[in-house]
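As a plain string of letters, each chain reads:
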Amino acid sequence: MASGGTVDDDLDPQVSFEDLKVTIKRLLTNKAYVFNNAANVFYMFGYMPYFLFQSKYIEIQYRLTPSQANMVTGSTSLVFSALGLLVAGAVIQRIKPNSRQLAGWNIVTSILTSCGIVFYAYLGCNNLNNTAIVSNSQGMECSLGCNCEFVKYAPICGSDGNTYLSPCHAGCKEQVKQLDGKMLFSDCSCILSELNVSYAASLIDSYNETTSEQPGRTYSGTATSGSCPVDCMTPFYMFLLVLCINKFIGGTESAANFLIGLRCVEERDKAISM
């Protein structure tokens, strides 16, 4: 306490609502701060749809289980994003770039990550035939009365070797959990029975030799949970590599962007600007 002063004189002045309005007005008139945050908002709106459906995209496109797809979008992405933040922090502390250089780096990283997202479209699994899966599952008379329009995607592998969108789309009426944890669906009205699948060719040849009629097909096959096996691991690893690079670059961008937001405001406004 200064000599001759009082306790009240040494206390910080109370912050009022008027002070808050003045501070907000000061931030809103700061062009660098406003445009930097506006860019973040527009980027988030553009990126959010992909981010929300990324797990389901990986699950469908590369035939992974939901847990495997969530592992990629969760743990793996988080690790490389955090690594990007740490590396960016160390580099910034060492070379001490100015705000203009940080903004330039943000432009470069935004272009790189956008190109990476576009590149995902060329990394699909060529062994897939999603068109056939849809045609096998929709518009079939065998499942018209099952009301499958709003049933969620839960692929099953039929005994005929085809993948169906869900047990409902395959017309399955019964299910039982197997010892390995997978579900076994039976009495599926859209799937050929095992007898027809295994011996169809030989039976038809045999009938053709003895009679002009062909044997009738029995649609009461079985199915197991999960898509039919398809080798998509090589394109998936390529996708994972690009994804990790994108997350790493995005982490460095986040560090630079945070510093820009702090440097473009006055010292007294830093707390509220965050």
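From a predicted model like this one, the values you see are computed outputs, not experimental measurements. (Residues numbered from 1 in each chain as written. Predicted model: local features only at pLDDT ≥ 70, side-chain atom pairs only at ≥ 80, totals over all residues. Heavy atoms only, no water.)

*Asks:* Describe the environment of Lys173, naming the residues involved and giving the relevant values.
*Replies:* If you trace the backbone, Lys173 turns up in the loop between strand E2 (163–164) and strand E3 (174–177). It is 8.2 Å that separates the C-alpha atoms of Lys173 and Ser189, two residues lying 16 residues apart in sequence. Leave out the neighbours within four places in its chain, and Lys173 touches Ser186, Asp187 and Ser189. Polar side-chain contacts of Lys173 include one of 3.5 Å to the backbone oxygen of Gly171. (Helix = DSSP H or I, 4+ residues; strand = E, 2+ residues; numbered from the N terminus. Contact = heavy atoms within 4.5 Å. Polar contact = N/O pair within 3.5 Å; in protein donor to acceptor, adjacent residues only side chain to side chain.)

*Asks:* Tell me about a nonpolar patch on the surface, and please be specific about residues and values.
*Replies:* Together, Phe17, Leu20, Ile24, Leu28, Val34 and Ile272 make up a nonpolar patch on the protein surface, roughly 530 Å² of accessible area in all. With 4 residues, the single largest contributor to the nonpolar patch is helix H2 (residues 17–28). Tracing the sequence through the fold places Ile272 in helix H9 (residues 270–273). Residue Ile272 is classed as partly exposed on the basis of its relative accessible area of 38%. (Patch = residues over 30% accessible without salt bridge, like charges linked within 9 Å, V, L, I, M, F, W, Y side chains within 5 Å. Areas by Shrake-Rupley, 256 points an atom, 1.4 Å probe, with all protein chains shown as cover. Salt bridge = Lys/Arg side-chain N within 4 Å of Asp/Glu carboxyl O. Buried < 20%, exposed > 50% of the residue type's maximum accessible area, 1.4 Å probe, protein only.)

*Asks:* I'd like a rundown of the pairing of strand E4 (residues 183–188), residues and numbers included.
*Replies:* With 4 bridges connecting them, E3 and E4 associate as antiparallel partners. Bridge pairing links Lys177 to Met183 in E4. In the sheet, E4 pairs with strand E5 (residues 221–225) via 3 bridges, with the strands oriented antiparallel. Residue pairing in the sheet places Phe185 in a bridge with Ala223 of E5. (Pairing = 2+ DSSP bridges.)

*Asks:* Describe unusual backbone geometry, and please don't skip the residues or the numbers.
*Replies:* Its identity as a non-glycine residue notwithstanding, Arg63 has a phi of 55 degrees, on the positive side. Relative to the elements of secondary structure, Arg63 occurs in the loop between helix H3 (31–61) and helix H4 (66–95). Given a relative accessible area of 15%, Arg63 falls into the buried group.

*Asks:* I'd like a rundown of the UniProt feature "transmembrane region" (unreviewed entry) in the protein, residues and numbers included.
*Replies:* Summarizing the sequence annotation, UniProt attributes the feature "transmembrane region" (unreviewed entry) to residues 33–52, 72–92 and 104–123 in the numbering used throughout. The distance from the first to the last C-alpha atom of residues 72–92 is 29 Å, and the span holds 100% helix and 0% strand. (UniProt positions renumbered as here; feature names shortened; annotations may be inferred.)

*Asks:* An account of the state of the cysteines is requested, with residue identities and associated values reported.
*Replies:* In the structure shown here, the tally under the stated rule is 4 disulfides. Put simply, Cys148 and Cys168 are joined by a disulfide, and their sulfur atoms are 1.9 Å apart. Handedness of the Cys148-Cys168 disulfide follows from its S-S torsion of about -85 degrees: it is left-handed. With Cys148 in the loop between helix H6 (130–137) and strand E1 (156–158) and Cys168 in the loop between E2 and E3, this pair connects stretches of sequence that are 20 residues apart. Residue class for Cys148 comes out buried when judged on its relative accessible area of 6%. Free cysteine Cys146: the closest other cysteine sulfur is in Cys148, separated by 4.8 Å. Here Cys146 falls in the partly exposed class, since its relative accessible area comes to 34%. (Disulfide = S-S within 2.5 Å.)

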